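In case you want the letters, here they are:
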Amino acid sequence: REETVEQRIKLPKEYICLANEGSPSTAKSALRYLRKRNITSEDVLKWKIGYCDSGDYKNRIIIPSFNQNGYCDYFVARTYKDDWMKYKNPPVSKNIVFNELMINWREPIILVEGIFDAINAENSIPLLGSTLSTHSKLFKAILAHSKQVYVALDQDAEKKALNLINLLILHGVEVYKIDTSDYEDVGEMTKEEFEKKTNTATLFDSNTLLIQKISQI
């Protein structure tokens, strides 16, 4: 019964969408931060990126998630100042399919770690971490809707990436691994660089996986 409950939350009342024309002067720092991360105006519009200049999420970029029915079910709040806490997300469950409203399940899915990684990749879903539980809504959605998945975790999460690939293979999913070894994470790449990496991704089977695991020993 818990799984059928639709999580809905409200964005912070101080949230200001950066896609709107005539942003206030307080938006300059937020926009400067996004430019440094190669976030374009098209990205801002697509992901409904905003910010807060006051309140509990002051000086934070806000990136909302919308479920398949169009309701906000989560958001990521990342500081663009020198706050010691990089992320301050809402106190609700992360057991969601982030921005499911925008996912095309008929096309291959790309799994990445964080939200800025997802912005760089088409039809991607951030894990909001580096693991995926078989009990999660995302895992169940993949099994129900997608038979082809690309995995692109950060360079320092190689073992976790292999475990995730193994899990998906065991459940009959066709899995490709995207090489991110030249970068700290997907978010450091340009969209063009990530597309090239995706086009040269390695198809994994149990034998490929075994060889990779042995090389990690």
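Refer to the structure printed above.
Model, not experiment: these values are computed from the prediction.

**Quick look at the pattern of salt bridges**
As enumerated under the stated definition, the model contains seven salt bridges in all. Taken together, the shared-partner salt bridges connect Asp179, Asp182 and Lys197 into one network.

**Digging into the pairing of strand 7 (residues 148–152)**
Buried residues dominate strand 7, accounting for four of its five residues. With four bridges connecting them, strand 5 (residues 109–112) and strand 7 associate as parallel partners. Counted as the bridge partner of leucine 111 is valine 151 from strand 7. Direction of pairing for strand 7 relative to strand 8 (residues 174–177): parallel, over a ladder of four bridges. When the sheet's bridge partners are listed, valine 151 is paired in strand 8 with lysine 177. Between the parallel pair strand 7 and strand 8, the chain is carried across by helix 5 (residues 158–170), and the sense of this crossover is right-handed.

**Re the nonpolar core**
The biggest cluster of nonpolar side chains holds 34 residues, and the ones touching the most others in it are Leu34 and Ile49. If you list the elements that add at least two residues to this core, you get helix 1 (27–36), helix 2 (41–47), strand 3 (60–66), strand 4 (72–79), strand 5, helix 3 (115–120) and strand 7. Ignoring any residue separated from it by four or fewer positions in sequence, one finds leucine 34 in contact with Leu18, Ile39, Val44, Ile49, Ile61 and Phe116. Formed by 26 residues, the second largest nonpolar core is a distinct cluster that contains Leu127, Ala141, Ala157 and Val175.

**Points about the sheet that holds strand 8**
Pairing is mixed in the open sheet, where five strands are placed in the order 6-5-7-8-9. Two strands bound the open sheet, and with one partner strand each, they are strand 6 (124–126) and strand 9 (202–204). When strand polarity is set aside, the average angle formed by the axes of neighbouring strands in this sheet is 30°. Strands in contact with helix 5 are strand 5, strand 7, strand 8 and strand 9; relative to strand 8, the strand with the most contacts, it is inclined by about 165°.

**Some words on the side chain of aspartate 43**
Summarising the element assignment, aspartate 43 is placed in helix 2. Under the relative-accessibility criterion, aspartate 43 is labelled buried at 6%. When residues no more than four places from it in sequence are discounted, the contact partners of aspartate 43 are Asn38, Lys48, Ile49, Ile119 and Lys191.

Conventions adopted
Residues numbered from 1 in each chain as written. Predicted model: local features only at pLDDT ≥ 70, side-chain atom pairs only at ≥ 80, totals over all residues. Heavy atoms only, no water. Salt bridge = Lys/Arg side-chain N within 4 Å of Asp/Glu carboxyl O. Buried < 20%, exposed > 50% of the residue type's maximum accessible area, 1.4 Å probe, protein only. Helix = DSSP H or I, 4+ residues; strand = E, 2+ residues; numbered from the N terminus. Pairing = 2+ DSSP bridges. Right-handed = clockwise from strand over helix to strand, strands pointing away. Core = buried A, V, L, I, M, F, W, Y, C linked by side-chain atoms within 4.5 Å. Contact = heavy atoms within 4.5 Å. Axes fitted to C-alpha atoms, helices over the stretch in contact; angles between N-to-C directions.

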